[in-house]
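Per-entry structural report
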Amino acid sequence: MHDLKPRSSVASTFDQDPPIDISKFNHETISYDSKSSAYWFYEKSADAFPGQAFGLQVDRILYHTKSQYQDILVLKSTTFGNVLVLNGIIQCTEKDEFAYQELITHVPIMSHPSPKKVLVIGGGDCGVIRELVKHVEDQTVESITMVEIDDMVIKLSTKYLPQMAKYHNHPKLNLIIEDGFKFLRETKLKFDVIITDSSDPEGPAEEFFQVNYFKLLRNALNDKGIVIMQSSENIWLNIRYLRSLIKKCKYVFPNVKFCQCYMPSYTSGQLGLLVATIDESLNLTAPLRTFDRRKEGQLFKYYNQFVHQSSFILPTWAQDYLEQDGESV
Ligand code: SAM
């Protein structure tokens, strides 16, 4: 267990001094546009997003560093609030982060009959922790373990994404700074829900998108356990890759479903999530437990029992393509 410094001392450590002068800042994602007389961030990747780029107008560069594992950039955009970027890829923006954090957390938690022990792999911005704390306060979840490889992401999130990282010191959180793959290889612990909130395969999260990782997840699950992971893809971007990832997951789990989260700051406006369990009788596409509408409104901004179900409904061509090998998703 690694302790983080209290938020106040983290903040003073991470003020970049002197502030970054954007006109002298050299980063492959930042460029000047003379038409708008403004600096812009563009998420470009010849491998991950060939031929397209999502852009945000930049107000200020708040922080930049190269940690032991990745390039970390935090910027203030003119329309999406503060933005965390790892290796050139957007991880979250203050404007729309809640959509992803809520779906990846509440789909498995509300589908499980009694989710007491939860593991998060990755998750350095701590947005998933914020969502899990809602179920701790509800006395459903008893303990949260988070295994994040890069403590720099957590420290910067407490400073620049304070609404997301507000529970990074929560008493029910056991925070481990380690490679999630290594942790799963060595742990004897079993969990009811495992959430892989990782970055994309290009970088330290590469091993999470392989059959061996699914086997490790399965070993660390209780009988009725549920896993969920971001697929790094969506149906518009690379449906072929998505189908091959689902296939890998099905080598290990008999019950695999695919759902989508809709949010503007992920390329193509959406991100796919894989949900799986060894319990063939469990219906992952509808919540097993629900709150009434008033309580849903108090707890959530994106998730509700209908969004849970509708997130699994795909357009015809995508559903057919993903089922081409005759298996349903
Ligand atoms: N919501 C985001 C997305 O899908 O774009 C993911 C956000 S979260 C910031 C991703 C985290 O995964 C990062 O903090 C990164 O350091 C962490 N990570 C990447 N590889 C890891 C590994 N091997 N073990 C543990 N954490 C890892």
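Residues numbered from 1 in each chain as written. Predicted model: local features only at pLDDT ≥ 70, side-chain atom pairs only at ≥ 80, totals over all residues. Heavy atoms only, no water.

Our next topic: the site of the ligand. The local shell around the ligand holds 26 residues, among which Q70, Y100, E148, D179 and G180 are the closest. Taking Q70, its side chain carries an N or O atom lying 2.9 Å from an oxygen atom of the ligand. For the ligand, a nitrogen atom lies 2.8 Å from a polar atom in the backbone of G180. Contact with the protein chains covers 99% of the free accessible surface of the ligand, which is 600 Å². Here the ligand is seated within the largest cavity. At the level of secondary structure, the elements contributing two or more residues to the shell around the ligand comprise β6 (89-93) and β8 (143-148). (Near = heavy atom within 4 Å. Polar contact = N/O pair within 3.5 Å; in protein donor to acceptor, adjacent residues only side chain to side chain. Areas by Shrake-Rupley, 256 points an atom, 1.4 Å probe, with all protein chains shown as cover. 1 Å grid on protein atoms, 1.4 Å probe; cavity = no way out; pocket = protein on both sides within 12 Å on 5 of 7 lines; lining within 4 Å. Sits in = over half its atoms within 2 Å of the grid points. Helix = DSSP H or I, 4+ residues; strand = E, 2+ residues; numbered from the N terminus.)

To continue, consider the sheet that holds β8. Strand order across the open sheet formed by 7 strands is β9-β8-β7-β10-β11-β13-β12, with mixed pairing between neighbours. The open sheet terminates on both sides in strands that have one partner only, identified here as β9 (173-177) and β12 (255-262). Neighbour to neighbour, the strand axes of the sheet diverge by 15° on average, direction disregarded. Pairing of strand β11 (residues 221-230) with strand β13 (residues 270-277), which is carried by 5 bridges, proceeds in the antiparallel orientation. Paired with M229 across the two strands is L274, which belongs to β13. With respect to the sheet, helix α6 (residues 211-219) is in contact with β7 (117-122), β10 (191-197), β11 and β13, its orientation differing from that of β11 by roughly 140°. Set on the sheet, helix α7 (residues 239-252) makes contact with β12 and β13; between it and β12 the angle comes to about 145°. (Pairing = 2+ DSSP bridges. Axes fitted to C-alpha atoms, helices over the stretch in contact; angles between N-to-C directions. Contact = heavy atoms within 4.5 Å.)

Before going further, it helps to spend a moment on the UniProt feature "domain: PABS" (unreviewed entry) in the protein chain. With numbering aligned to this structure, UniProt lists the feature "domain: PABS" (unreviewed entry) at residues 38-278. Annotation note: span residues 38-278, helix share 27%, strand share 39%, distance between end C-alpha atoms 51 Å. (UniProt positions renumbered as here; feature names shortened; annotations may be inferred.)

With that settled, consider the packing of aromatic side chains. The final tally for this structure, using the stated rule, is 10 aromatic pairs. Ring geometry for Y100 against Y266: centres 5.7 Å apart, planes inclined by 85°, an arrangement best described as edge-to-face. Placement of the pair is Y100 in helix α2 (residues 97-111) and Y266 in the loop between β12 and β13, with a sequence separation of 166 residues. Y100 sits in the buried class, given a relative accessible area of 3%. A ring pair is formed by W236 and W317, whose centres lie 5.1 Å apart and whose planes are at 55°; its orientation type is tilted. You can see W236 sitting in the loop between β11 and α7 and its partner W317 sitting in helix α10 (residues 316-322), a full 81 residues away along the chain. A relative accessible area of 55% means that W236 is categorised as exposed. One aromatic cluster in this structure is built from F181, F208 and Y213. (Phe/Tyr/Trp six-rings, centres within 6.5 Å; stacked < 30°, edge-to-face > 60°. Buried < 20%, exposed > 50% of the residue type's maximum accessible area, 1.4 Å probe, protein only.)

A word on the packing of α6 against α7. For any two helices packed against each other, the geometry is given by the interaxial angle and the distance between the axes. Remark: α6 packs on α7, axes separated minimally by 9 Å, with the N-to-C direction vectors making an angle of 40°. The angle between the axes of α6 and α7 places the two elements in the oblique class. Read as a crossing pair, α6 and α7 show a hand that is right-handed. Of the residues in α7, those touching α6 at V211, F214, K215 and R218 are L245, K248, C249, Y251 and V252. Class assignment for the residues of the contact of α6 with α7 results in 6 nonpolar, no polar and 3 charged. (Parallel < 35°, antiparallel > 145°, perpendicular 65-115°, else oblique. Left-handed = near helix turned anticlockwise from the far one by under 90°. Nonpolar A, V, L, I, M, F, W, Y, C, P; charged D, E, K, R; others polar.)

We now examine the domain arrangement of the protein chain. Here the domain parsing of the protein chain yields domain 1 (7-91) and domain 2 (97-323). Here the C-alpha centre of domain 2 lies 25 Å away from the C-alpha centre of domain 1. On the side of domain 2, 28 residues touch domain 1, which itself brings 27 residues to the contact. Approximately 2,500 Å² of surface area, both sides summed, lies buried where domain 1 meets domain 2, with 63% of it carried by carbon and sulfur atoms. One can count 6 residue pairs in polar contact (both at pLDDT 80 or more) joining domain 1 with domain 2. (Domains from an automatic or database assignment. Buried area = accessible area lost by both parts, 1.4 Å probe.)

Within the fold, Q319 resides in helix α10. Those residues in contact with Q319, other than ones at most four positions away along the chain, are L314 and V329.

Let us now look at the pairing of strand β2 (residues 38-45). Of the strand pairs in this sheet, strand β1 (residues 30-33) and β2 are connected by 4 bridges, and their pairing is antiparallel. Of the residues in β2, the one forming a bridge with D33 is A38. Count of turn residues in the β1/β2 antiparallel hairpin: 4 residues, of which S37 carries a positive phi of about 50°. Both β2 and strand β3 (residues 49-66) contribute to a ladder of 6 bridges, which runs antiparallel. Counted as the bridge partner of Y42 is G55 from β3. Taking the residues that link successive antiparallel strands as the turn, the β2-β3 hairpin has 3 residues.

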